[in-house]
Number of protein chains: 2
Amino acid sequence: MKNRNKNITIYDVAHALSVSATTVSRALKDHHSIGKDTKKKVKKMALAMGYEPNAIASGLRKKKTHTIGVLVSQINRPFISSLISGIEEVANKNKYHVFITQSHDSYEKEVEDIKAFYNNRVDGLIVSLAMETKKYDHFLPFLKNNYPLVFADRVTYEIETDKIVVDNFEAAFKATSHLIQQGYKRIGHLAGAQQRHMYKKRLDGYTAALIKHGIQPEESLIYYSNLSQQEGWNGAKLLLGQTVKPDAVFAANDTSAVGFMQYAEQLTNYSIPHNLGVVGFNNDPISSIVRPKLTTINHPAMEMGKKAAELVLTKISGNSYTTIPQTITFNTDLIIRESSMKK
Amino acid sequence: MKNRNKNITIYDVAHALSVSATTVSRALKDHHSIGKDTKKKVKKMALAMGYEPNAIASGLRKKKTHTIGVLVSQINRPFISSLISGIEEVANKNKYHVFITQSHDSYEKEVEDIKAFYNNRVDGLIVSLAMETKKYDHFLPFLKNNYPLVFADRVTYEIETDKIVVDNFEAAFKATSHLIQQGYKRIGHLAGAQQRHMYKKRLDGYTAALIKHGIQPEESLIYYSNLSQQEGWNGAKLLLGQTVKPDAVFAANDTSAVGFMQYAEQLTNYSIPHNLGVVGFNNDPISSIVRPKLTTINHPAMEMGKKAAELVLTKISGNSYTTIPQTITFNTDLIIRESSMKK
DNA sequence: TTGTACGCGTTATCAA
DNA sequence: TTGATAACGCGTACAA
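Residues numbered from 1 in each chain as written. Chains lettered and ligands numbered in written order. Predicted model: local features only at pLDDT ≥ 70, side-chain atom pairs only at ≥ 80, totals over all residues. Heavy atoms only, no water.

Regarding the overall build of chain A
A count of helices and strands for chain A gives 12 helices and 12 strands. With respect to the three principal axes, the spread of C-alpha positions in chain A is 90 × 40 × 35 Å. Buried positions account for 55% of the 343 residues belonging to chain A. Taking all contacts inside chain A whose residues are at least 6 apart in sequence as the whole, residues at least 24 apart take part in 73%. Carbon and sulfur atoms provide 52% of the accessible area of chain A, an area that totals close to 14,800 Å². (Helix = DSSP H or I, 4+ residues; strand = E, 2+ residues; numbered from the N terminus. Buried < 20%, exposed > 50% of the residue type's maximum accessible area, 1.4 Å probe, protein only. Contact = heavy atoms within 4.5 Å. Areas by Shrake-Rupley, 256 points an atom, 1.4 Å probe, with all protein chains shown as cover.)

Structure below.
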């Protein structure tokens, strides 16, 4: 067992120079009250001795860790990783570090991770909720103690705090209207978990577009799932196997849209987009790799991440955390590609 | 400005019950020396008062944070996110928390993140190196103080520590041999940064397979890049635009292979796999979404992550960290799909 | 410009 | 079975 934990502290550096620990502490952070030559001397010695600051001790003393926690469902979704990149960019620019964990859409994991973030006293938190989550008590420690908490994308309106979202209703309305304008008559929907506000809004937008164009919504054309690729496949199998079949589908994400397309691809009586239209959501990279290329909705994921981080940081540093929580809504674009071009 | 930082401590709980803080501390962690009824009483009061442990203070005192840091290039690569899932699974099972950051393949970011992990005294570290990294001094604090450090996938042999890798030479050899057996005569290679051992080994395996089959390697058939989709496209443009053209390519990852295929797709004189073969590496989900489906190499990413975490955890808890660093090599499989089926 | 003394919240040690 | 005390490493009010 070798020498473990023989970390060098400011005391060691102070001792080596016959000055006080206070002087070392101040010199290392360029405090104005320390002389130029002393600073130089201290920094040189600290480097020579291999001193590394202990953020744990500093955090305990200052009650500030210079970290923000990010909890997402899964990091391997293109939308999420862009969101995270946006968060990191802003946070790092402000000398904050970002720690990421994933809930894998499990409520239990979400609760545990949030607790770990609180126990480690991150200065702020950005969350995209798990599919499963229906209770929100685990955010109480953050709320009670006024730690900045921002929800992004997968939000809940049961907690009063800042939210970063896109206009899911309007996006779904646009997507569905586009299919109608292309001449599709009976449009189905691959829907997500309805306790997630965003998926409910996508369903609502879809329904509203149908009604606006005089089409009667049919519950039998809607397939609810976790929107995985497999579930897209399953949805296609079910919807296209019924007697009342859709001739187009609006999927609540690209992943399930691709699964849907793959099932349809192997049926001889379907050809996308000629007698079957597909629109997805997210503009994931696969949407332009799949053939035919997938029409989809683009969000400004990176911008949303940046905004979320900005919100957290201003709340941390400012004294603005008495202000009323705000919801920031970003716009989306419909990206028309081959999969919906009937005309 | 509301009440911030009014966190409840074990002293508050102790005071409310007229016991000592020591008793509270012990009761909460089920120390054997505390009576059953006292434990019950303390836990109940802690819950009622909304006490939450402060991991910062505990970490300072115990010199142990129960966290492990993971540094990767980018979280949005399927291989990486599977690796992380494996790490998380093992870590969480052992009550450890995993904090993830990404270097975005920048040396500076890697240095900064490693420093932040050290400053926050993570108990162990798992790293997949940035493409750019050529110096390794930033790992010194971990090495000097015997903190467990494991490299995974993108490793360096300039540091003596544990490594988790796949046999890149053998995998590349298999992939290239397969193309030769399918009847392709002039095989190119999309290569990665050669300071990363893994990419060098893939190039070596490719070269060795050619030589073994009596084919003279040609430097003009090798395109070096960061292996992005765009660079795959650029590589195709260059290689297929030369007078000496390849009739097949082995790409060091799937992303660049897809870019390559997309460029070739729009050339009328090429048809994959009939007069142009393609093999990728990683078995990313896109490899079975792209058409024709991509032949590729599968790694056990999740298993590699699990093993990395196990290694770190045994080193943390055990006293085995005097033992000699080990390199664990995982096997790969060639997954034959349409893109290389000339026969 | 520099130093002394204390506290952040927890836990290890020693004593009762 | 419980308690008093010190210490983890740092930052800050106060003093010099």
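Quick notes on the domain arrangement of chain A
As assigned here, chain A comprises domain 1 (10-53), domain 2 (62-165 + 301-329) and domain 3 (168-299 + 334-340). Between domain 1 of chain A and domain 2 of chain A, the C-alpha centre-to-centre distance is 36 Å. (Domains from an automatic or database assignment.)

Side note on the relation of the copies chain A and chain B
If you rotate chain A by 180 degrees and push it 0.0 Å along the axis, it lands on chain B with an RMSD of 0.1 Å. Look at the turn and shift together and you get a two-fold axis relating the two. (Least-squares fit on C-alpha atoms with pLDDT ≥ 70 in both.)

Some remarks on helix α2 (residues 21-28) of chain B
Residue and element names in this part refer to chain B. Listed in full, the buried residues belonging to α2 are A21, T23, V24 and A27. Buried residues of α2, seen end-on, are gathered within an arc of 160 degrees and therefore sit on one face of the element. Against the buried residues of α2 lie α1 (10-17) and α3 (36-49). Once α2 finishes, D30 follows within two positions and takes phi at roughly 55 degrees, a positive value. (Arc of directions from axis to C-beta.)

Section: helix α4 (residues 55-62) of chain A
The residue sitting at the N-terminus of α4(A) and contributing the capping side-chain oxygen is N54(A); that oxygen lies 2.8 Å from the backbone nitrogen of I56(A). A positive phi of about 55 degrees marks K63(A), the residue just after α4(A). (Polar contact = N/O pair within 3.5 Å; in protein donor to acceptor, adjacent residues only side chain to side chain.)

Considering the sheet that holds strand β6 (residues 187-191) of chain B
Residue and element names in this part refer to chain B. Spatial ordering of the open sheet is given by β7-β6-β8-β9, a layout of four strands whose pairing is parallel. For this open sheet the edge positions go to β7 (222-224) and β9 (277-279), each flanked by a neighbour on one side alone. Going from strand to strand, the sheet's axes swing by 15 degrees on average, the running direction of each strand aside. Where β6 lies against β7, three bridges are found, and the strand directions are parallel. For L190, the partnering residue across the bridge sits in β7 and is Y223. Along the sheet, helix α9 (residues 197-212) contacts β6, β7 and β8 (248-251); its crossing angle with β6, the most-contacted strand, is approximately 170 degrees. (Pairing = 2+ DSSP bridges. Axes fitted to C-alpha atoms, helices over the stretch in contact; angles between N-to-C directions.)

A few points about the packing of helix α5 (residues 78-93) of chain B against helix α12 (residues 301-317) of chain B
Residues and elements named next belong to chain B. Following both chains from N to C, one finds α5 and α12 inclined at 40 degrees, their axes separated by 7 Å at the closest point. Of the possible angle classes, the one that applies to α5 and α12 is oblique. Of the two possible hands of crossing, α5 and α12 adopt the one that is right-handed. Every residue of α12 that contacts α5 at F79, S82, L83, S85, G86, I87, E89, V90 and A91 is listed here: A301, M302, M304, G305, K306, A309, E310 and L313. Among the residues making up the contact of α5 with α12, the classes are represented as 10 nonpolar, four polar and three charged. (Parallel < 35°, antiparallel > 145°, perpendicular 65-115°, else oblique. Left-handed = near helix turned anticlockwise from the far one by under 90°. Nonpolar A, V, L, I, M, F, W, Y, C, P; charged D, E, K, R; others polar.)

Here's the deal with the protein's contact with DNA strand D
Lining the immediate environment of DNA strand D, one finds 25 residues, of which I10(A), Y51(A), R61(A), T23(B) and R26(B) sit closest. Sugar and phosphate atoms form 56% of the subset of DNA strand D atoms that lie within 4 Å of the protein. For DNA strand D, a phosphate oxygen lies 3.4 Å from a polar atom in the backbone of N54(A). Among the elements of the structure, α1 (10-17), α2 (21-28) and α4 of chain A together with α2 and α4 (55-62) of chain B are those that each provide at least two residues to the surface near DNA strand D. Counting residues per element, the surface near DNA strand D draws most heavily on α4(A), at four residues. (Near = heavy atom within 4 Å.)

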